[in-house]
Amino acid sequence: MTIRNDIPITDDLIASHGLKPDEYQRILDLIGREPTFTELGIFSAMWNEHCSYKSSRKWLRTLPTSGPRVIQGPGENAGVVDIGDGQAVVFKMESHNHPSYIEPYQGAATGMGGILRDVFTMGARPIAAMNALRFGEPDHPKTRHLVSGVVAGVGGYGNSFGVPTVGGEVQFDARYNGNCLVNAFAAGLADTDAIFYSKASGVGLPVVYLGAKTGRDGVGGATMASAEFDESIEEKRPTVQVGDPFTEKCLLEACLELMASGAVIAIQDMGAAGLTCSAVEMGAKGDLGIRLDLDRVPVREQHMSAYEMMLSESQERMLMVLRPEQEEEAEAIFRKWGLDFAIVGETTDDLRFRVFHQGEEVANLPIKELGDEAPEYDRPWVEPKAPAPLGPVPQVDVADALLKLLGSPDLSSRRWVWEQYDTLIQGNSLQIPGGDAGVARVEGHETKALAFSSDVNPRYCEADAYEGGKQAVAECWRNLTATGALPLAATDNLNFGNPERPEIMGQLVHAIKGIGEACRALDFPIVSGNVSLYNETSGQGILPTPTIGGVGLIDDWSKMARIGFAAADEIVVLIGPKGAWGWHLGQSALLREVFGRSEGAPPPVDLAHEKRAGDYVRQLIRDGVATAAHDLSDGGLAVALAEMAMASGIGATVDTWGADEAAAFFGEDQGRYLVTVSRENFGKLHGDPALAVSQIGTTGGSSLKLGNARAISVEELKAAHEGWFPAYMGQ
Amino acid sequence: MKSAVVLLPGLNRDRDMIAALTKIGGQAPATVWQTDTEIPDVDLIVIPGGFSYGDYLRCGAIAARMPVMRAVAEKAAKGVMVMGVCNGFQILLEAGLLPGALMRNASLNFVCREVKLEVANANTAFTRGYTPGQIIRCPVAHHDGNFFADAETLARIEGESQVVFRYADGTNPNGSLNDIAGVISDGGNVLGLMPHPENLIEAAHGGTDGRALFEGLLGKAA
């Protein structure tokens, strides 16, 4: 069916495009007349939350985004960070939450496709991916279906495209019952003198359409992603796009070949609101107008209207401005890879976005205002409520509690998930999922490697969004540090509920404040990101989930640390703040899994201590003193020790500390690491008076013995840890 | 020794394979494109892994019908060594250069993990770097590696020692009949295998068990 361009504009039509009455008035003021139907579609695409960040922009501006290594911060397809030797790492994380809930396989697959395109659009070959996934409670009737579809979709796309998945997260909570989260991260490598941007320059130059053909899939997708769900959700299925990783792989090779030829002036991938967003962005950034002739757009369906073409979210498409003298060369490259190549317009000097279809001008809009004058809201927000104070926590049998935690949905092994992802392709994976961070060697360099980690604890954020935001950054920074990497920069993927509710807006504001403070303190700028709001179903919002994806640099990977114990008869050292081993049980995994409780404040993050402890541990690794390293997070000391034992098959005996074993072994106090050192090197642990560097036990044997608890064989730990996921998925 | 790597749209372990051949053989292989009808004068042709043409039809079925595969078949008939890894194995089967078929993994899931392989026949041009019955480590990464052949074919290839690699120690990741991971042609010059020896050739890979295959092939064995 064709949607005509002369459909009259009514209040209902405006509302169904997600535009509020005052936003429509703004359109009228801007163009001085009633918009055409196609123009209304274009405005709704550019001004929705997904593209315009209208609720979050005011706060995103407060984040630190620059630093000595930052080549490109937020605002482009991905962030770019210098890693020396003329090379840069290009990375971003982006959500595909709403589509994945509606159609998990294709939603997740196209999420991968989108983030990979963001990276290679900038001239970088993707070298690593991660996925942060959050699902409803395991017993919810939809959860298994979503897990199975999302994991298969991520794998189906990434494996075929050929990027190794080196890390990620999977968590379950009832608050995601109606909205799962799929946050996809990708990183690529580029030469610093060959980074490509979306800013067009030069008048009268060809605007070229590349890649797959345009269909009706995804029409209105970005608008959907900015709306709450209700019971009519099944009706939204046609707005989810279908991914084609084969075409994307060809597009990658063709784009990199074309970029190397010197023909590309500007490039922008067609993501949300496809042709509209990409054309407007290229023109607006370059202070140029764009004229598009839709009759030249390659289509795969008949009788498509201008409205449909402008809002289509068909995947695997790119828009470029090319040097006219190299048009033929460019076309030959794309034909070789079996891809469409069509000149669909040109750059102009009138700062208008003009769209023609079948001899008719269907849109004529001011291009700068479309992008730059999108509404921006200072939405009202309230201080989040303080969490209920932590009640008394009874003592536990440490061994039983540890086994229970290791076999719980959130802390059990994710092997079932990551074995469905190709973790080894490209031959550069030094650490695959299961450790603190994924590590990939920098191809063509003898010793350099990059570390990647994705982190957030949404329960902490729910209890205290500010501390939770800080903690997400600190934990990511810590995970990178625990491999010996110097954390360079991060990307943030902020997943929240409906920002029109002041308490949700309060969470967003507080989380961003916490993230900003932590990033400043840890020299860890945010160089790219994405905001996903309206993650609500029938008025129930998700847990606030600001996912942080970080990248670190390892100068010499032969000195990199892993989490597994390296040998028997080595000394286990706990590095943390002065005082108790651990005491903080508010919002802990122990409280939740063993007692079914979720009260208390999350553990506070002392950023000065984090920096100090991290720098100390990194130096131990780089000096070759630490033979293994692991950061402490969910489940505290006991779970961290168990993970080190399971990764190596070597056991350990650890002393006890004080009478409160529950707190000592399961407290989730921040800023802590475990390292192992040989007996000979123990003396090299130079003291830092501000840190507690405590010998707490020794490695060896085939069991883990914690304090006064019974010893548990490493095999029993593994059985508990590896069992949950396959059993849950029925395999 | 000269080698060539076949490039097809959608293959994605081509870079891994080229790196392995270059690092171990000391010289970069030639490359041939899907539409090439002639292959340069080489001693070894390799079809790497990936998802040629998206595997949108049966895995390897489209690739097997591309012009370059006629050229590969002609070379194979003349005794040139041909090795297909993963998607390359699937393509050789679809091209009729090897016996059997590869079905979807028994788990129905893609699987990427390290397995153990037994070198079931070390008396081939491809495996002479190993000792008979040697157990090696090797990664797999595939969705359709479940080897199948009818009873008669299976009896024949087993009888003729055409099974070159077998999953060992209970690590069969895909349900393959007789734990078959790799088979060789009756002429002994065409090998197909699902695992990826090219991803286990240097310290950075955490092991070098895949190296002997390339060293044997490229005449670099110590």
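Since the model is a prediction, treat every value here as computed from it, not as a measurement.

**A look at the overall build of chain B**
Part 1 of the argument: When its secondary structure is counted, chain B shows five helices and 11 strands.
Part 2 of the argument: A compact globule built from 222 residues would reach a C-alpha radius of gyration of about 17 Å, and chain B, at 16 Å, matches this within 12%.
Part 3 of the argument: By principal-axis analysis of the C-alpha atoms, chain B measures approximately 40 × 40 × 30 Å.
Part 4 of the argument: Counting every position in chain B, which comprises 222 residues, the buried fraction comes to 55%.
Part 5 of the argument: Restricting to contacts in chain B with at least 6 residues of sequence separation, those with at least 24 account for 74%.

**Brief notes about the overall build of chain A**
Part 1 of the argument: When its secondary structure is counted, chain A shows 24 helices and 28 strands.
Part 2 of the argument: Across its three principal axes, chain A shows a C-alpha extent of roughly 85 × 50 × 45 Å.
Part 3 of the argument: A burial count over chain A gives 63% of its 731 residues as buried.
Part 4 of the argument: Partitioning the contacts of chain A with sequence separation of at least 6, the portion at a separation of at least 24 is 85%.

**What about the sheet that holds strand β12 (residues 352-357) of chain A?**
All names here are of chain A.
Part 1 of the argument: Read from one edge of the open sheet, seven strands run β8-β10-β7-β11-β9-β12-β13, paired in mixed fashion. Every other strand in the sheet has two partners, leaving β8 (264-269) and β13 (360-366) as the edge strands with one partner each. Shown here is a sheet whose adjacent strand axes are inclined to one another by a mean of 25°, direction ignored.
Part 2 of the argument: Bridging between strand β7 (residues 206-211) and strand β10 (residues 317-322) involves five bridges; their strand directions are antiparallel. Residue pairing in the sheet places Tyr 209 in a bridge with Leu 319 of β10.
Part 3 of the argument: Across the sheet, helix α13 (residues 327-336) lies against β7, β10 and β11 (340-348), angled at about 145° from β11, the strand it touches most.

**Thoughts on the interface of chain B and chain A**
Part 1 of the argument: Taken together, the 23 residues of chain B in the interface contact 22 residues of chain A.
Part 2 of the argument: Elements that contribute at least two residues to the side of chain B that touches chain A include exactly α1 (14-25), β6 (111-119) and β7 (135-142) of chain B.
Part 3 of the argument: Split by residue class, the side of chain B that touches chain A holds 11 nonpolar, eight polar and four charged.

**Quick look at the confidence of the model for chain B**
Part 1 of the argument: Averaged over every residue, the pLDDT of chain B is 96; residues scoring 70 or more account for 99%.
Part 2 of the argument: Two numbers describe this predicted complex: its pTM, 0.96, and its ipTM, 0.97.

**Concerning the UniProt feature "active site" (unreviewed entry) in chain B**
Residue and element names in this part refer to chain B.
Part 1 of the argument: Residues annotated by UniProt as "active site" (unreviewed entry) correspond here to Cys 86, His 196 and Glu 198. Over a stretch of 113 residues, the named residues converge on one spot in the fold, their C-alpha atoms separated by at most 11.1 Å.
Part 2 of the argument: Assignment of secondary structure puts Cys 86 in the loop between β4 (81-85) and α3 (87-94).
Part 3 of the argument: Judged by local crowding, Cys 86 falls into the buried class, with 31 C-beta atoms found within 10 Å.
Part 4 of the argument: Once residues lying within four places of it in the same chain are set aside, the contact partners of Cys 86 are Arg 13, Gly 49, His 142, Met 194 and His 196.
Part 5 of the argument: In this fold, Glu 198 is placed in the loop between β11 (190-193) and α5 (211-217).
Part 6 of the argument: The exposure class assigned to Glu 198 is buried, which follows from the 29 C-beta atoms found within 10 Å.
Part 7 of the argument: The residues touching Glu 198, leaving out its near neighbours within four places in the chain, are Arg 13, Asp 16, Met 17, Ala 20, Val 85 and Gly 210.

**Here we look at the UniProt feature "binding site: substrate" (unreviewed entry) in chain A**
Residue and element names in this part refer to chain A.
Part 1 of the argument: Mapped onto this numbering, the UniProt entry gives "binding site: substrate" (unreviewed entry) at Ser 95, His 96, Asn 97, His 98, Arg 117, Gln 241, Glu 313, Ser 314, Gln 315 and Ser 532.
Part 2 of the argument: Assignment of secondary structure puts Ser 95 in strand β3 (residues 87-95).
Part 3 of the argument: With sequence-adjacent residues up to four places away left out, Ser 95 is seen in contact with Leu 181, Val 182, Asn 183, Asn 493, Asn 495, Asn 530 and Ser 532.
Part 4 of the argument: Its place among the elements puts His 98 in helix α6 (residues 97-102).
Part 5 of the argument: Residue classification places His 98 among the buried residues on the basis of 28 C-beta atoms within 10 Å.

**Describing the packing of helix α7 (residues 104-120) of chain A against helix α10 (residues 245-260) of chain A**
All names here are of chain A.
Part 1 of the argument: Axis separation between α7 and α10 bottoms out at 11 Å; the angle between their running directions is 5°. Between α7 and α10, the angle falls in the class roughly parallel. Facing α7, whose interface residues are Gly 113, Leu 116, Arg 117 and Phe 120, α10 presents Pro 245, Glu 248, Leu 252, Cys 255 and Leu 256.
Part 2 of the argument: Here the contact of α7 with α10 is built from residues that sort into six nonpolar, one polar and two charged.

**Description of α7 of chain A**
Part 1 of the argument: In this model, α7 of chain A (17 residues) spans 24 Å end to end at C-alpha, consistent with the 24 Å of a helix rising 1.5 Å per residue.
Part 2 of the argument: In terms of burial, α7 of chain A is largely enclosed, as 17 of its 17 residues are buried.

**Some words on the sheet that holds β3 of chain A**
Residues and elements named next belong to chain A.
Part 1 of the argument: Spatial ordering of the open sheet is given by β1-β2-β3-β6-β4-β5, a layout of six strands whose pairing is mixed. Of all strands in the sheet, those with a lone pairing partner are β1 (70-72) and β5 (165-172), marking the two edges. Pairs of neighbouring strands in the sheet enclose a mean axial angle of 20°, with direction left out of account.
Part 2 of the argument: In the sheet, strand β4 (residues 125-135) pairs with strand β6 (residues 181-191) via nine bridges, with the strands oriented antiparallel. Across the sheet, residue Asn 131 finds its bridge partner in β6, namely Ala 184.

**A word on the UniProt feature "domain: PurM-like N-terminal" (unreviewed entry) in chain A**
All names here are of chain A.
Part 1 of the argument: If you check UniProt for "domain: PurM-like N-terminal" (unreviewed entry), the listed places come out as residues 75-189 and 434-554 in our numbering.
Part 2 of the argument: Taken as a whole, residues 75-189 contains 37% helix and 37% strand, while its terminal C-alpha atoms sit 19 Å from one another.
Part 3 of the argument: Strand forms 35% of residues 434-554 and helix 36%; the C-alpha atoms that close the span are 19 Å apart.

**Looking at the environment of Thr 171 of chain B**
Residue and element names in this part refer to chain B.
Part 1 of the argument: Within the secondary structure, Thr 171 is located in the loop between β9 (163-168) and β10 (180-184).
Part 2 of the argument: For Thr 171 and Lys 116, which are 55 residues apart along the polypeptide, the C-alpha to C-alpha distance reads 6.2 Å.
Part 3 of the argument: When near neighbours in sequence (up to four residues on either side) are disregarded, Thr 171 contacts Val 115 and Lys 116.

**A closer look at α10 of chain A**
Part 1 of the argument: Here α10 of chain A is 16 residues long and its end C-alpha atoms lie 22 Å apart, about the 22 Å a rise of 1.5 Å per residue gives.
Part 2 of the argument: At the exit of α10 of chain A stands Gly 262 of chain A, carrying a positive phi of roughly 85°.

**Considerations on unusual backbone geometry**
Part 1 of the argument: Look at Leu 351 of chain A: it is not a glycine, yet its phi comes out positive at around 55°.
Part 2 of the argument: Here Leu 351 of chain A lies in the loop between β11 and β12.
Part 3 of the argument: Even without glycine at this site, Cys 86 of chain B takes up a positive phi of about 60°.

Calculation criteria
Residues numbered from 1 in each chain as written. Chains lettered and ligands numbered in written order. Predicted model: local features only at pLDDT ≥ 70, side-chain atom pairs only at ≥ 80, totals over all residues. Helix = DSSP H or I, 4+ residues; strand = E, 2+ residues; numbered from the N terminus. Rg over C-alpha atoms; globule rule 2.2 N^0.38 Å. Buried ≥ 20, exposed ≤ 12 C-beta atoms within 10 Å, placed from the backbone. Contact = placed C-beta atoms within 7 Å. Pairing = 2+ DSSP bridges. Axes fitted to C-alpha atoms, helices over the stretch in contact; angles between N-to-C directions. Nonpolar A, V, L, I, M, F, W, Y, C, P; charged D, E, K, R; others polar. pLDDT = per-residue confidence, 0-100. UniProt positions renumbered as here; feature names shortened; annotations may be inferred. Parallel < 35°, antiparallel > 145°, perpendicular 65-115°, else oblique. Expected span 1.5 Å × (residues − 1).

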